[in-house]
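Chain residues, written in single-letter form:
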Amino acid sequence: MSQNQTPLFSGLVEHAKKNPIQFHIPGHKKGAGIDPEFRQFIGDNALSIDLINIGPLDDLHQPKGIIKQAQDLAAEAFGADRTFFSVQGTSGAIIAMVMAVCGPGEKIIVPRNVHKSVMSAIVFSGSIPVFIHPEIDTDLGISHGITTESVERALEQHPDAKGLLVINPTYFGISADLKKIVEIAHSYKVPVLVDEAHGVHIHFHDELPLSAMQAGADMAATSVHKLGGSMTQSSILNVKEGLVSAKHVQSILSMLTTTSTSYLLLASLDVARKQLATKGKELIDNTIQLAQSIRRRINEIDQIHCIGEEILGSKATFDYDPTKLIISVKELGLTGYEVEKWLREKHNIEVELSDLYNILCIITLGDTEVEANILVNALKELADECKHRPGKIEPVEVLLPEIPVLALTPRDAFYAETEVIPLDESEGRIIAEFIMVYPPGIPIFIPGEIITMENLHYIRKNLEAGLPVQGPEDDEIKTIHVIKEYKAIK
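Residues numbered from 1 in each chain as written. Predicted model: local features only at pLDDT ≥ 70, side-chain atom pairs only at ≥ 80, totals over all residues. Heavy atoms only, no water.

Q: An account of the packing of helix 5 (residues 89–101) against helix 6 (residues 116–125) is requested, with residue identities and associated values reported.
A: Remark: helix 5 packs on helix 6, axes separated minimally by 8 Å, with the N-to-C direction vectors making an angle of 40°. With respect to each other, helix 5 and helix 6 are oriented oblique. As helix 5 runs across helix 6, the sense of the crossing is right-handed. Where helix 5 abuts helix 6, its residues Ser91, Ile94, Ile95, Val98 and Met99 lie against Ser117, Val118, Ser120, Ala121, Phe124 and Ser125. Of the residues in the contact of helix 5 with helix 6, the class split is 7 nonpolar, 4 polar and no charged. (Axes fitted to C-alpha atoms, helices over the stretch in contact; angles between N-to-C directions. Helix = DSSP H or I, 4+ residues; strand = E, 2+ residues; numbered from the N terminus. Parallel < 35°, antiparallel > 145°, perpendicular 65-115°, else oblique. Left-handed = near helix turned anticlockwise from the far one by under 90°. Contact = heavy atoms within 4.5 Å. Nonpolar A, V, L, I, M, F, W, Y, C, P; charged D, E, K, R; others polar.)

And the structure:
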């Protein structure tokens with residue numbers, strides 16, 4: 001088949017054209033039974049292909065027809081042996097990756113700045129995380145990737161590990177030397193799993209970092225919806241056979257996936273793959289040029305800095321994706337969250353994320369000079385406002401969370417008997433919940449870690465800044481579940 005073809009999307013359209021009498025779910029029956037206002041907004045075309053796994057349309061759990069053809073074309077486009085479509089997002093694909101290689105009591109080597117889905121997978125599988133400290137950027141207040149040296153040390157100390165998980169690129173677009181990391185892991189016969197949530201596009205352009213499949217990784221969970229043009233919640237899981245079995249991966253993925261799979265999401269993966277495979281180079285060329293133009297213009301504004309190639313050169317910053325605009329605003333004396341709110345209220349601009357020191361703006365195939373000019377002009381206006389404020393504005397002090405000591409496996413801590421205590425009184429206790437700032441979803445604490453005063457301070461600073469701290473059952477983050485401790489009997 002040709003990369004110009006869309007067997008899944010085309011098959012759905014042909015089926016809809018036949019206008020069959022449907023005595024099957026979904027119950028809205030091509031929109032006839034849905035709320036009229038919603039139907040008018042969504043449109044009859046979308047509702048006509050909101051279908052289920054009837055015979056002509058194949059079955060994601062055991063594909064043999066148009067879904068298999070679409071997945072095979074995706075595997076060819078991404079250089080994989082097998083590609084699986086995910087309607088559970090990249091989080092579902094990440095959980096499947098981890099559970100495909102790790103069982104209870106088995107080790108997996110992971111960076112400490114992993115997404116919460118990785119830690120969820122570790123809880124589900126009962127595996128034991130061996131943490132690698134990511135390289136910390138104390139100027140920006142963010143974590144980068146892991147170094148080849150730290151991977152070598154981890155494997156020397158834990159050659160029995162069942163897998164090594166790497167984030168490539170990071171949420172902020174920074175890549176480590178993935179090819180070398182894969183070579184080191186494979187010398188120990190350890191498979192490499194890649195969280196490629198923010199890197200679907202890098203496979204299709206030579207000026208971007210190496211993709212997981214190009215670097216020889218064994219599995220990669222890739223968000224097509226984030227940067228590749230498919231609908232939200234649609235992702236893929238790429239597999240190279242050898243150290244992992246694609247059939248085993250399929251069985252694990254099937255266990256985690258709804259049987260009522262969304263054909264709208266699946267079709268959007270099919271057409272996104274076609275666009276990336278046939279026009280990706282040209283479209284990404286334009287995206288890179290636009291991003292670099294915005295970067296240059298932002299860097300002409302006083303007290304605002306958009307990070308570029310100068311970030312490269314450390315052991316963990318091997319390459320970067322210029323379409324991610326890391327915009328440091330701490331010299332304005334504002335937090336990233338305050339800048340995010342200002343942009344929303346004054347200019348109707350929504351950014352990807354903000355933290356204590358930065359905002360992150362993502363430039364994709366869908367952006368034009370129009371949006372670029374609005375962003376640059378808004379930042380100029382903000383800088384002018386800050387310049388004319390009375391009094392001296394002190395730059396924000398950069399704080400970073402420590403990596404706590406893991407006292408229990410995450411699974412044991414998650415299922416242990418717990419008690420609820422005030423967060424302010426929890427120093428030294430073993431936490432039984434997750435606490436993170438989302439986005440980006442990197443945990444400050446995971447179940448089983450010993451609570452430190454430094455990280456409690458970091459949580460308070462994020463809460464004071466209005467950032468989205470989440471995870472505990474207590475939405476107000478005033479109390480926390482910790483492992484119950486029993487006093488000795490006298």
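Q: Tell me about the pattern of salt bridges, residues and numbers included.
A: Using the criterion set out here, one finds 20 salt bridges in the structure. Across the pair Lys330 and Asp139 runs a salt bridge, and its minimum N-O distance is 2.9 Å. With Lys330 in the loop between strand 13 (324–328) and helix 12 (336–347) and Asp139 in the loop between strand 4 (136–137) and strand 5 (142–143), the pair connects residues that are 191 residues apart, well separated along the chain. On the basis of relative accessibility, which here comes to 10%, the residue Lys330 falls in the buried class. Given the relative accessible area of 45%, Asp139 is considered partly exposed. Between Glu476 and Lys478 there is a salt bridge; the shortest N-O distance is 3.4 Å. Considered together, Glu476 and Lys478 belong to a single accessibility category, that of exposed residues. (Salt bridge = Lys/Arg side-chain N within 4 Å of Asp/Glu carboxyl O. Buried < 20%, exposed > 50% of the residue type's maximum accessible area, 1.4 Å probe, protein only.)

Q: Give a description of the side chain of Gln71 that names residues and reports values.
A: Mapping Gln71 onto the fold places it in helix 4 (residues 66–78). Excluding its chain neighbours within four sequence positions, the residues that come into contact with Gln71 are Leu60, Pro63, Thr83, Phe84 and Phe85.

Q: Let's hear about the state of the cysteines: which residues, and what values?
A: Tallying each qualifying case throughout the model produces 0 disulfides. The closest cysteine sulfur to the non-disulfide-bonded Cys386 is located on Cys361, 16 Å from its own sulfur. In this structure Cys386 comes out as buried when scored by relative accessible area, which is 5%. (Disulfide = S-S within 2.5 Å.)

Q: Outline the sheet that holds strand 18 (residues 442–445), supporting the account with residue identities and numerical values.
A: With antiparallel pairing, 3 strands are arranged side by side in an open sheet as 18-17-19. Each end of this open sheet is capped by a strand with a single partner; those strands are strand 18 and strand 19 (469–470). Against the sheet, helix 15 (residues 453–464) makes contact with strand 17 (435–437), strand 18 and strand 19, and its axis sits at roughly 125° relative to strand 18, the strand it touches most. (Pairing = 2+ DSSP bridges.)

Q: Can you break down the nonpolar core residue by residue, with the values?
A: Met97, Val110, Leu165, Leu193, Met219, Leu237 and Val239 are the most contacted members of the largest nonpolar core, which has 34 residues in total. Breaking this core down by element, the ones donating at least two residues are helix 5, strand 2 (107–111), helix 6, strand 6 (163–167), strand 9 (219–222), strand 10 (235–239) and helix 10 (246–256). Looking at this core, the element that brings in the most residues is helix 5, giving 8 residues. Ignoring anything within four residues of it in the chain, the contact list for Val110 reads Val118, Ile122, Pro129, Val130, Phe131, Ile132 and Leu165. Leu51, Phe85, Phe204 and Leu227 belong to the second largest nonpolar core, which has 32 residues in total. (Core = buried A, V, L, I, M, F, W, Y, C linked by side-chain atoms within 4.5 Å.)

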